[in-house]
Amino acid sequence: CGNIKWQHFFDIRDEFNKNGEVLIATDIENGNKFTLNEDINSPQITDYKGKKCFIEKLMDKTKIVVAGAGHVSMDFARVAEILGFDLIIIDDRAEFANSERFPNAQIICGNIGESLKADFGKNVYYVIMTRGHKDDYEALKTILGKEYKYVGMIGSRKKVAFVKDKLKNDGFTDEKINTAHTPIGLDIGAITPAEIAISIMAEIIQVQNKGIKDRGDGDLLNKINHNCAMVTVIEKAGSAPRGEGSKMLVFDNGKVLGTIGGGTLEYVAINKAIEIAKNGGFFVKEYSLENNKASELGMACGGSVKVMIEGIE
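Below you will find a few notes about this structure. (Residues numbered from 1 in each chain as written. Predicted model: local features only at pLDDT ≥ 70, side-chain atom pairs only at ≥ 80, totals over all residues. Heavy atoms only, no water.)

So, the packing of aromatic side chains
Each aromatic ring pair is characterised by the separation of its centres together with the angle its planes make.
Point 1. Considering all chains together, one arrives at 4 aromatic pairs under this definition.
Point 2. Seen from their ring centres, Trp6 and Phe34 are 5.2 Å apart, and the 75° between their planes marks the pair as edge-to-face. Within this pair, whereas Trp6 is found in the segment before α1 (9–19), its partner Phe34 is found in strand β2 (residues 33–36), the two being separated by 28 residues in sequence.
Point 3. Taking the relative accessible area as the measure of exposure, Trp6 reaches 36% and is therefore partly exposed.
Point 4. The structure contains a cluster of three or more aromatic residues connected by ring pairs, namely Trp6, Phe34 and Tyr48.
Point 5. For Arg93, the ring lying beneath its charged end belongs to Phe96, and the centroid distance is 3.9 Å.
Point 6. Residue placement shows Lys166 over the ring face of Tyr137; its charged tip is 4.6 Å from the ring centre. (Phe/Tyr/Trp six-rings, centres within 6.5 Å; stacked < 30°, edge-to-face > 60°. Helix = DSSP H or I, 4+ residues; strand = E, 2+ residues; numbered from the N terminus. Buried < 20%, exposed > 50% of the residue type's maximum accessible area, 1.4 Å probe, protein only. Lys NZ or Arg CZ within 6 Å of the ring centre and 35° of its normal.)

Structural data, given as structure tokens:
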């Protein structure tokens, strides 16, 4: 394995901040880490170049960029805040795009089409709900020329048809245009602005979670210091609460960021992580949650969880 460059957490953090994502392999025998530049399914434990490794991809915190600052956008912002998304609101009307209406969002007050040309990163979802055909068209035209995880546009069939026809005239293929979710949101019979907001967010969650077991919080890399330990679920069987890749960061003073599912299992992991945060080290242990063994953890949900705890050195 002479071609592997071992890296510590701070190297990986820097690579993550440079690229917006990072694919990491951790040798679960000794905790050595390195990053990968190839396409490997993750998260999973697998043999890689003679090493038994946990492979995981960490990505930027998900951003949702909303074009339009009307009533549905306000309810949508409340839902996004509860779910922990970073939210950016764009509108050219100062009386709508302001911190009084959206106290927990980044506000961009300016031309919608021009404002959307900014680099919002790779892990970004776009929601279009402007006040008219022209702005919808300019917004979708700009977004289709960018990298995105999701784009959806609210509107009647007539408005959607108008926008699609103009985009075809601009040279966009049907395949590209149809990557936009129109109508937007899951069909839950939504009527009120709040219900519409929930249907849109439900669709975003559906897209975000498709094909993954759990999400590792890449933002935790920017919280690391020398007095903490990273806790990661690296294997799960049965009905354990969280899946592979779920993480929490534990500091030597007991402060915890993130979660691996709560309950007594998390409590036990936190106590071990505090010890490692103070003294350093690397620890992997499988916890059984089967009914005949779960009493020692105060749990009886079935299955098992393998946890990896890494001191930040």
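Now, onward.
Digging into the pattern of salt bridges
Point 1. Applying the stated rule across the entire model yields 15 salt bridges.
Point 2. One salt bridge connects Glu56 with Lys247, and the closest N-O pair in it is separated by 3.2 Å. Pair noted here: Glu56 is in strand β4 (residues 51–59) and Lys247 is in strand β11 (residues 247–251), with a separation of 191 residues, a long-range link.
Point 3. Salt-bridge contacts for Lys159 lead to Asp136; the nearest nitrogen and oxygen are separated by 2.6 Å. Of this pair, Lys159 sits in helix α5 (residues 157–169) while Asp136 sits in helix α4 (residues 133–144), and the two are 23 residues apart along the sequence. (Salt bridge = Lys/Arg side-chain N within 4 Å of Asp/Glu carboxyl O.)

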